[in-house]
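# Chains, contacts and geometry: an overview
Here is what each chain is made of, one letter per residue.
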Amino acid sequence: MDIPYTVTARPDTGVFNAKLGVWLFLASEVMLFGGLFAGYVFLRIGAPAWPGALHGETYAHASEVLNVPLATLNTFVLIASSVTMVMAWASLMMKNFARYRLYMGGTIALAFVFLIVKVFEYGSKFEHGLFPSESNFLAIYFTLTGLHALHVIGGIIVNTYFWGPGAKMWRTDPKRFTNRIEVAGLYWHFVDLVWIFLFPTIYLL
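Let us look at the structure shown here. Predicted, not measured: the structure shown is a model, and the values here were computed from it. (Residues numbered from 1 in each chain as written. Predicted model: local features only at pLDDT ≥ 70, side-chain atom pairs only at ≥ 80, totals over all residues. Heavy atoms only, no water.)

From N to C terminus, the chain includes 6 helices and 2 strands. The secondary structure elements of the chain, listed N-terminal to C-terminal, are α-β-β-α-α-α-α-α. Taken over the C-alpha atoms alone, the chain extends approximately 65 × 35 × 25 Å along its principal axes. Residues classed as buried in the chain amount to 42% of the 205 residues present. Sequence separation of at least 24 residues holds for 72% of the intrachain contacts in the chain that already meet a minimum separation of 6. Carbon and sulfur atoms make up 71% of the accessible area of the chain, which totals about 10700 Å². Averaging the positions of the 13 positive and the 11 negative side-chain charges in the chain gives two centres separated by 15 Å. (Helix = DSSP H or I, 4+ residues; strand = E, 2+ residues; numbered from the N terminus. Buried < 20%, exposed > 50% of the residue type's maximum accessible area, 1.4 Å probe, protein only. Contact = heavy atoms within 4.5 Å. Areas by Shrake-Rupley, 256 points an atom, 1.4 Å probe, with all protein chains shown as cover. Lys, Arg positive; Asp, Glu negative; His and termini not counted. Charge placed at Lys NZ, Arg CZ, Asp CG, Glu CD.)

Pasting the structure below:
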């Protein structure tokens, strides 16, 4: 039995099924991160100093505790990965599968770069004894950035599937495959957007 509206738009919503599904999923993600950001705001408003005391020393700015240059680098890495993701989808629209593989491979590689930088950043914190249990600031930092990193890993898994075995669909149903890459791209742009909110909120303010 053929599943309807995998390629053409539904008459009631104006979008195909997968795009409707990912929009609903992203709406739930907005609520998840929105709740965490709200928790961050309430904790910060109620704190006499932020980040506050860590190991007997009081800090007045998050940049004194966190590595802003590495976070800035990761911001550019994620923005670049969003560009390559768009180019991957555009390549399929232009029927250029080889270029799609190139751009999608670039997106995956940039995602790994982001995670490697994050590993170095976390490692430095642990070496200095800065763990989530030390303060509300560190608990919020590790929760938000850790949850975001899990979303990056999820994106890597999905994109790697569409770069490798999932790409077989291009030969049998190219329109449907192009739609799938568009949906994967929407998720990836959301991951990028969350970081763009998270970076100034946690590292700079």
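Text resumes after the structure shown.
This next bit is on the packing of aromatic side chains. Counted by the stated rule, this structure contains 20 aromatic pairs. With a centroid separation of 5.9 Å and 75 degrees between ring planes, the pair formed by Tyr40 and Trp50 is classed as edge-to-face. One end of the pair, Tyr40, is in helix H1 (residues 17-46); the other, Trp50, is in the loop between H1 and strand S1 (52-54), and 10 residues separate them in sequence. For the residue pair Tyr40 and Trp50, the accessibility class agrees, reading buried in each case. Three or more aromatic residues joined by ring pairs make a cluster, and in this case those are Phe114, Tyr122, Phe126, Phe131, Tyr141, Phe142, Trp195, Phe199 and Tyr203. (Phe/Tyr/Trp six-rings, centres within 6.5 Å; stacked < 30°, edge-to-face > 60°.)

This part is about the packing of helix H2 (residues 68-93) against helix H3 (residues 97-127). Running from amino to carboxyl end, H2 crosses H3 at an angle of 165 degrees, the nearest separation of the two axes being 8 Å. Classified by the angle their axes make, H2 and H3 are roughly antiparallel. The interaxial crossing formed by H2 with H3 has left-handed handedness. In the contact of H2 with H3, the residues fall into 17 nonpolar, 6 polar and 3 charged. (Axes fitted to C-alpha atoms, helices over the stretch in contact; angles between N-to-C directions. Parallel < 35°, antiparallel > 145°, perpendicular 65-115°, else oblique. Left-handed = near helix turned anticlockwise from the far one by under 90°. Nonpolar A, V, L, I, M, F, W, Y, C, P; charged D, E, K, R; others polar.)

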